[in-house]
Amino acid sequence: MKNLQEATERICELKGSLIALDALLTAVLHSLPDEARRDLRERFAVHAEVARTVLLHEPISEHTIAAFEHDVQRFEAM
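What you see is a predicted model, and the numbers here were worked out from it, not measured in a lab.

Conventions we followed
- Residues numbered from 1 in each chain as written.
- Predicted model: local features only at pLDDT ≥ 70, side-chain atom pairs only at ≥ 80, totals over all residues.
- Heavy atoms only, no water.
- Axes fitted to C-alpha atoms, helices over the stretch in contact; angles between N-to-C directions.
- Helix = DSSP H or I, 4+ residues; strand = E, 2+ residues; numbered from the N terminus.
- Parallel < 35°, antiparallel > 145°, perpendicular 65-115°, else oblique.
- Contact = heavy atoms within 4.5 Å.
- Nonpolar A, V, L, I, M, F, W, Y, C, P; charged D, E, K, R; others polar.
- Phe/Tyr/Trp six-rings, centres within 6.5 Å; stacked < 30°, edge-to-face > 60°.
- Buried < 20%, exposed > 50% of the residue type's maximum accessible area, 1.4 Å probe, protein only.
- pLDDT = per-residue confidence, 0-100.
- 1 Å grid on protein atoms, 1.4 Å probe; cavity = no way out; pocket = protein on both sides within 12 Å on 5 of 7 lines; lining within 4 Å.
- Points joined across faces, edges and corners; volume = space filled by probe spheres on them.

S.K.: If you had to explain the packing of helix α2 (residues 34-56) against helix α3 (residues 62-77) to someone new, which residues and values would you point to?
M.R.: The description of two helices packed together rests on the angle between their axes and the distance between the axes. With their axes 11 Å apart at the nearest point, α2 and α3 run at an angle of 175° to one another. Between α2 and α3, the interaxial angle falls into the category roughly antiparallel. Taking contact as the criterion, the partners of Arg-41, Phe-44, Ala-48, Ala-51, Arg-52, Leu-55 and Leu-56 in α2 are, on α3, Ile-65, Phe-68, Glu-69, Val-72, Phe-75 and Glu-76. Of the residues that constitute the contact of α2 with α3, the class distribution is nine nonpolar, no polar and four charged.

In structure tokens, the structure reads:
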């Protein structure tokens, strides 16, 4: 049971870290000039496609891939 408790605590820590990074990234994106955002959007699309290809060829859970796709769409909408 101790391992389950430790795993749960670690998952909660990771969630908190991701939320903090998400808030930081959102603030940075909103502070960029329009031209820089357009450039970032193009670069992000290329990098997301590379990451997508890697994810599809690795033994990774469908939950991870679904979360990745969800966040890619959310970031593109920003």
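Back to the write-up after that little detour.
S.K.: Provide a residue-level description of the packing of aromatic side chains, including the pertinent values.
M.R.: Applying the stated criterion across every chain yields a total of one aromatic pair. Between Phe-44 and Phe-75, the aromatic rings sit 6.2 Å apart at their centres with planes inclined by 80°, giving edge-to-face as the arrangement. Highlighted residues: Phe-44 in helix α2 and Phe-75 in helix α3, separated in sequence by 31 residues. By relative accessible area, which is 26% here, Phe-44 ends up partly exposed. Judged by relative accessible area, which is 21%, Phe-75 ranks as partly exposed.

S.K.: Could you give an account of the confidence of the model for the chain, with specific residues and numbers?
M.R.: The share of residues in the chain with pLDDT of 70 or more is 99%, and the mean pLDDT across the chain is 93. Element-level pLDDT for the chain is lowest in α3, with a mean of 91, against a maximum mean of 95 in α2.

S.K.: Give me the lowdown on the layout of surface pockets, citing residues and values where you can.
M.R.: The calculated volume of the largest pocket comes to roughly 280 Å³. In terms of lining, the largest pocket is formed by Leu-25, Leu-29, Asp-34, Arg-37, Arg-38, Leu-40, Arg-41, Phe-44, Phe-75, Glu-76 and Met-78. When residues of the lining of the largest pocket are traced back to their parent elements, those giving at least two are α1 (2-31), α2 and α3. At six residues, α2 tops the list of elements feeding residues into the lining of the largest pocket. Taken as a whole, the second largest pocket holds about 240 Å³ of empty space.

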